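# Structural description and commentary
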Amino acid sequence: MTTTMPKPKDARGLAGQTIGDTEICSVNQTSLIYRGYEIADLAANATFEEVAHLLIVGHKASPSELKDFKDELRGLREIPEGLKTVLREIAPSGVAHPMAILRTGVSYLSHFDPDVEDNSSDAEHRKAKRLLAQIPTIIGYGQMVRDGKTPVDPDPSLDHCANLLWCMSGERPDELRAKVMDVSLILYAEHDFNASTFTGRVIASTMSDMHSAVCGAIGALKGELHGGANEKAMEMLQEIDAYIAEGGNTAAFMQKAFDEKRKLMGFGHRVYKNGDHRAGIMREWGYQVAEKVGPEGLKWFALGDEVKRIMLEEKSIHANVDFPCGQTYYVMGIPVPQYTPLFVAARVTGWCAHIMEQHRDNRIIRPLANYSGPELRSWQG
Ligand code: COA
């Protein structure tokens, strides 16, 4: 006879369970640390390229290493002509979400990467740099096609984040916007065994290749409980704004959401129960953009503050980083469906670091399941 064990509620979703070691990142209630450096220190004093080097190469770059790294990335930004054809075909469909387009783009890139099936350390470093450099080009090309504009070539005179904004719009960003994008990518770059990174590590643990693991990670990040929350958080603010325009108010909207047991997007976190270290940093930078935009920008931060106040008072739940990221990207004029792809542009650094760490000391990830199905029975009845 088969026995079934009762499943404790808090064990679902691997909550509270430590499932492995990593040297890359530490996440806990009081701090977020990338390879020994605290997130507030990195956001204030490092650039995204420096953080990317820290995560992928494994140490803080010397000035000459940083120059070489940046030069190398600038030279790797082009994407194959065949991929541009595919993007022109799928991006305007109105069906394909930019995350799905990006997943296809990364999969396509794998077919032209000379190292694709090579899981050695040297080959994986080369692949990680190519992915880091080429993902902004895919995002930008897709957005320009969606907008009915002629895509622009990556600009080697621009740093990583300024080039990303250039590729998405065909306009050179001002210093503040480039800096704010840089900070957001630093904050999004790494977060230990979150759902997408864990997905990537599971795929890597079968000794599959880096591109396959990154495609799987993109699929996991796309969901609204994970990276997709930055888009949903902004859509929720737009919904509240429309509700207010029809005579309602924020408190009434929230009460209705609580009554319906609806999840408020951009709130809550599996680990951070007393607030997300990244959220305050992102809000400060995003607010600067809003001030520059004027009342049309500031109104989204005022509304967001009201939502956060009610959520804390009524539910004791804090906003996570996706909430201010959604607001920030919105006041920067970035189309909402591109917010999660921007998360990919950052997190690909963390994913690649974890895929490499998994491959260097691998044992297949294969947990057990607690069977809760029918008792043993005969097929013939
Ligand atoms: N809105 C409303 N209620 C929420 C909530 C939210 N955003 N986040 C958590 N809660 C509630 C849960 O429903 C749960 O209530 P219950 O005990 O009555 O069932 C309680 O708070 C505890 O939830 P918790 O165990 O902390 O959630 P989790 O660890 O399983 O899930 C998230 C974490 C992030 C998936 C969850 O908070 C969520 O869905 N947030 C919205 C999506 C989001 O912003 N994702 C980005 C995360 S960085």
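Turning our eyes to something else, we now look at the overall build of the chain. Scanning the chain from terminus to terminus reveals 16 helices and 3 strands. Over its C-alpha atoms the chain spans a radius of gyration of 22 Å, differing by no more than 12% from the 21 Å that the globule rule assigns to 381 residues. When the backbone C-alpha atoms are referred to their principal axes, the chain occupies close to 70 × 60 × 45 Å. Relative to its 381 residues, the chain shows a buried fraction of 48%. Restricting the contact set of the chain to residue pairs at least 6 apart, pairs at least 24 apart contribute 76%. Accessible surface, the chain: about 18,000 Å² in total, of which carbon and sulfur atoms supply 52%. Across the chain, the centroid of the 42 positively charged side chains sits 4 Å from that of the 51 negatively charged ones.

What follows deals with the nonpolar core. Within the largest apolar cluster, 102 residues are counted, with the highest numbers of intra-cluster contacts made by Y34, M181, V214 and Y329. Considering every element that reaches this core, the biggest residue donor is helix α16 (residues 339–360), with 12 residues. Here this core spans two domains, since at least three of its residues come from each of domain 1 (25–222 + 337–360) and domain 2 (229–331). Apart from the residues lying within four places of it in its own chain, the contact partners of Y329 are M181, S184, L185, Y188, N230, I334, Y339 and L342. With 5 residues, the next largest nonpolar core counts L158, A162, C167 and A178 among its residues.

Once that is clear, we can look at α16. With 22 residues, α16 should reach 32 Å at 1.5 Å per residue; the first-to-last C-alpha distance of 32 Å fits that figure. When the local axis directions of α16 are compared, the greatest deviation, roughly 45°, occurs at R347.

Another aspect to go through is the site of the ligand. Surrounding the ligand, one finds 18 residues, the nearest of these being L264, G266, F267, R270 and K273. K263 is positioned with one of its side-chain polar atoms (N or O) 3.2 Å from an oxygen atom of the ligand. Interatomic distance of 2.6 Å between a side-chain N/O atom of K273 and an oxygen atom of the ligand. When the ligand is considered free in solution it has 860 Å² of accessible area, and contact with the protein chains removes 64% of it. Classifying every residue of the shell around the ligand gives 7 nonpolar, 5 polar and 6 charged.

Moving on, we come to the packing of helix α8 (residues 175–188) against helix α13 (residues 277–293). Direction vectors running N to C along α8 and α13 enclose 165°, while the axes themselves pass 10 Å from each other. What the angle tells us is that α8 and α13 run roughly antiparallel. Judged by the sense of rotation from one axis to the other, the crossing of α8 with α13 is left-handed. Of the residues in α13, those in contact with L176, R177, K179, V180, V183, S184 and L187 of α8 are R278, I281, M282, W285, Q288, V289, K292 and V293.

Quick look at the state of the cysteines now. All chains considered together, the criterion is met by 0 disulfides. Free cysteine: C215, not disulfide-bonded; nearest cysteine sulfur from C352 at 11 Å. Judged by its relative accessible area of 15%, C215 is buried. Of all cysteine sulfurs, the one in C161 lies closest to C325, which takes part in no disulfide; the gap is 12 Å. You can call C325 buried: its relative accessible area is 0%.

Below, the discussion takes up unusual backbone geometry. Of note, the phi angle at L14 is positive, near 55°, even though the residue is not glycine. Considering the arrangement of structural elements, one finds L14 in the segment before β1 (25–27). Here L14 falls in the partly exposed class, since its relative accessible area comes to 40%. The phi torsion at K261 lies on the positive side, around 55°, for a residue other than glycine. Relative to the assigned elements, K261 resides in the loop between α12 (250–259) and α13.

Along the chain, T18 turns up in the segment before β1. Judged by its relative accessible area of 75%, T18 falls in the exposed class. For the pair formed by T18 and F193, sequence separation is 175 residues and the distance between their alpha carbons is 9.1 Å.

Another aspect to go through is the confidence of the model for the chain. A low pLDDT score tells you not to read the predicted coordinates there in detail. In this model, the chain carries a mean pLDDT of 96, and residues with pLDDT of at least 70 account for 98%. In the model, residues 1–7 has pLDDT below 50 throughout and makes 12 contacts with residues more than four positions away in sequence or in other chains.

Throughout the structure, instances matching the rule amount to 23 salt bridges. When the shortest N-O distance is used, the salt bridge between R283 and D305 registers 2.8 Å. With R283 in helix α13 and D305 in helix α14 (residues 295–315), this residue pair connects regions lying 22 residues apart in the sequence. Residue R283 is classed as partly exposed on the basis of its relative accessible area, which comes to 21%. Residue classification places D305 among the partly exposed residues on the basis of a relative accessible area of 30%. For the salt bridge of E306 with R309, the shortest nitrogen-to-oxygen distance reads 3.2 Å.

Rules of the game
Residues numbered from 1 in each chain as written. Predicted model: local features only at pLDDT ≥ 70, side-chain atom pairs only at ≥ 80, totals over all residues. Heavy atoms only, no water. Helix = DSSP H or I, 4+ residues; strand = E, 2+ residues; numbered from the N terminus. Rg over C-alpha atoms; globule rule 2.2 N^0.38 Å. Buried < 20%, exposed > 50% of the residue type's maximum accessible area, 1.4 Å probe, protein only. Contact = heavy atoms within 4.5 Å. Areas by Shrake-Rupley, 256 points an atom, 1.4 Å probe, with all protein chains shown as cover. Lys, Arg positive; Asp, Glu negative; His and termini not counted. Charge placed at Lys NZ, Arg CZ, Asp CG, Glu CD. Core = buried A, V, L, I, M, F, W, Y, C linked by side-chain atoms within 4.5 Å. Domains from an automatic or database assignment. Expected span 1.5 Å × (residues − 1). Bend = angle between axes of the 7 residues up to and from the residue. Near = heavy atom within 4 Å. Polar contact = N/O pair within 3.5 Å; in protein donor to acceptor, adjacent residues only side chain to side chain. Nonpolar A, V, L, I, M, F, W, Y, C, P; charged D, E, K, R; others polar. Axes fitted to C-alpha atoms, helices over the stretch in contact; angles between N-to-C directions. Parallel < 35°, antiparallel > 145°, perpendicular 65-115°, else oblique. Left-handed = near helix turned anticlockwise from the far one by under 90°. Disulfide = S-S within 2.5 Å. pLDDT = per-residue confidence, 0-100. Salt bridge = Lys/Arg side-chain N within 4 Å of Asp/Glu carboxyl O.

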